Amino acid sequence: MLSNQPIIFFDGVCNLCNSSVQFVIKNDKHHYFRFASLQSEFTPTFFAEHQFEITSDSIILFYNNKFYEKSSAALIIAKHLSFPVNALIVFWIIPAFIRNWIYTIIAKNRYRWFGKKDSCMIPAPELKSLFLD
């Protein structure tokens, strides 16, 4: 079942990442996505089973049996959210190296700009089924 389920892997101690997950949940009216923190026990096992090697601590999306990172992951996620967020897919026309350059600047500074938690967030009971651990 999980091989067909889109999974968003995120940095569980990053405030920006946690806020982004909350934003996705709010705008994902059909609960299309599942979530797993990069620090969870589930993540390394899933990556090993799918022969995926982490190359960064970026957002990672498992979608249609493929892994997407950085801006490509973010835009595919946005595409599946409610309007007007899904309109962000128009940025796909910008070459990936430019999108990822901007993404990397934000990612490198996310702890300094947005802060960091000591531990991963614990989802509310009504959202627990969306998280894989």
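For every chain, the first residue of the written sequence is number 1, and numbering continues from 1 onward in sequence order. This being a predicted model, a pLDDT of at least 70 is required before a residue's local features are given, and a value of 80 or more before pairs of side-chain atoms are given or counted; all residues contribute to the totals for chains, interfaces and linings. Processing note: side-chain calculations cover all non-hydrogen atoms of the structure and skip hydrogens and water entirely.

(A) Spotlight on the sheet that holds strand β2 (residues 34-37). By definition, two strands form a pair when at least two bridges between them are found by DSSP. Secondary structure elements follow DSSP: runs of H or I no shorter than four residues count as helices, runs of E no shorter than two count as strands, and numbering proceeds from the N terminus. Spatial ordering of the open sheet is given by β2-β1-β3-β4, a layout of four strands whose pairing is mixed. Lying at the two open borders of the sheet, with one neighbouring strand each, are β2 and β4 (66-69). Neighbouring strand axes in the sheet, compared pairwise and without regard to direction, differ in orientation by 20° on average. Here four bridges tie strand β3 (residues 60-63) to β4, and the two strands are oriented antiparallel to one another. Lines are fitted to the C-alpha atoms to define the axes, a helix being fitted only along its stretch in contact, and any angle between axes, read from their N-to-C directions, falls within 0 to 180 degrees.

(B) Layout of the packing of helix α3 (residues 70-79) against helix α4 (residues 96-114). Close contact between α3 and α4 brings their axes to 7 Å; oriented N to C, the two are set at 95°. Comparing the axis directions of α3 and α4 gives the class roughly perpendicular. For the pair α3 and α4, the contacting residues are K70, S71, S72 and L75 in the first and A96, R99, N100, Y103 and T104 in the second. Roughly parallel means an angle under 35 degrees; roughly antiparallel means over 145; roughly perpendicular covers 65 to 115; every other angle is labelled oblique. Contact definition: two residues touch when any of their heavy atoms are within 4.5 Å.

(C) Region of the structure containing a nonpolar patch on the surface. Where nonpolar side chains cluster on the molecular surface, the patch consists of F97, I98, W101, I102, I105, I106, W113 and F114 and spans about 840 Å² of accessible area. Checked against the element boundaries, I98 lands in helix α4. Here a patch means residues that are over 30% exposed by relative accessible area and free of salt bridges, tied together within 9 Å if like-charged and within 5 Å if nonpolar (Val, Leu, Ile, Met, Phe, Trp, Tyr). For the area figures, the Shrake-Rupley method with a 1.4 Å probe applies, and any residue is considered shielded solely by the protein chains shown. Here, a salt bridge means any side-chain nitrogen of Lys or Arg that lies within 4 Å of a carboxyl oxygen of Asp or Glu.

(D) Seen up close, the environment of T104. Looking at the secondary structure, you find T104 in helix α4. Taking C-alpha positions, T104 is 9.0 Å from S71, a pair spaced 33 residues apart along the chain. Between N or O atoms, a polar contact is any pair within 3.5 Å; within protein, one atom must be a potential hydrogen donor and the other a potential acceptor, and residues adjacent in sequence are included only when both atoms are from side chains. A distance of 3.4 Å separates the side chain of T104 from the side chain of K70, its partner in a polar contact. Polar side-chain contacts of T104 include one of 2.7 Å to the backbone oxygen of N100.

(E) Examining the packing of helix α1 (residues 15-27) against α4 more closely. At a minimum axis distance of 8 Å, the contact between α1 and α4 shows a crossing angle of 100°. Considering their axes alone, α1 and α4 lie roughly perpendicular with respect to each other. Across the interface between the two elements, N15, L16 and C17 of α1 pack against I106, R110 and F114 of α4.

(F) Structural detail: helix α2 (residues 42-49). A simple rule labels every residue: compare its accessible area, found with a 1.4 Å probe on the protein chains alone, to the largest value its type can have, and call it buried under 20%, exposed over 50%, or partly exposed in between. Along α2, the residues classified as buried are F42, T43, F46 and F47. One face of α2 carries all of its buried residues, which in axial projection span an arc of 120°. Among the exposed residues of α2, those pointing more than 90 degrees away from its buried face are A48 and E49. Count one or two residues on from α2 and you reach Q51, which has phi positive near 50°. Note: the arc covers the axis-to-C-beta directions of the helix.

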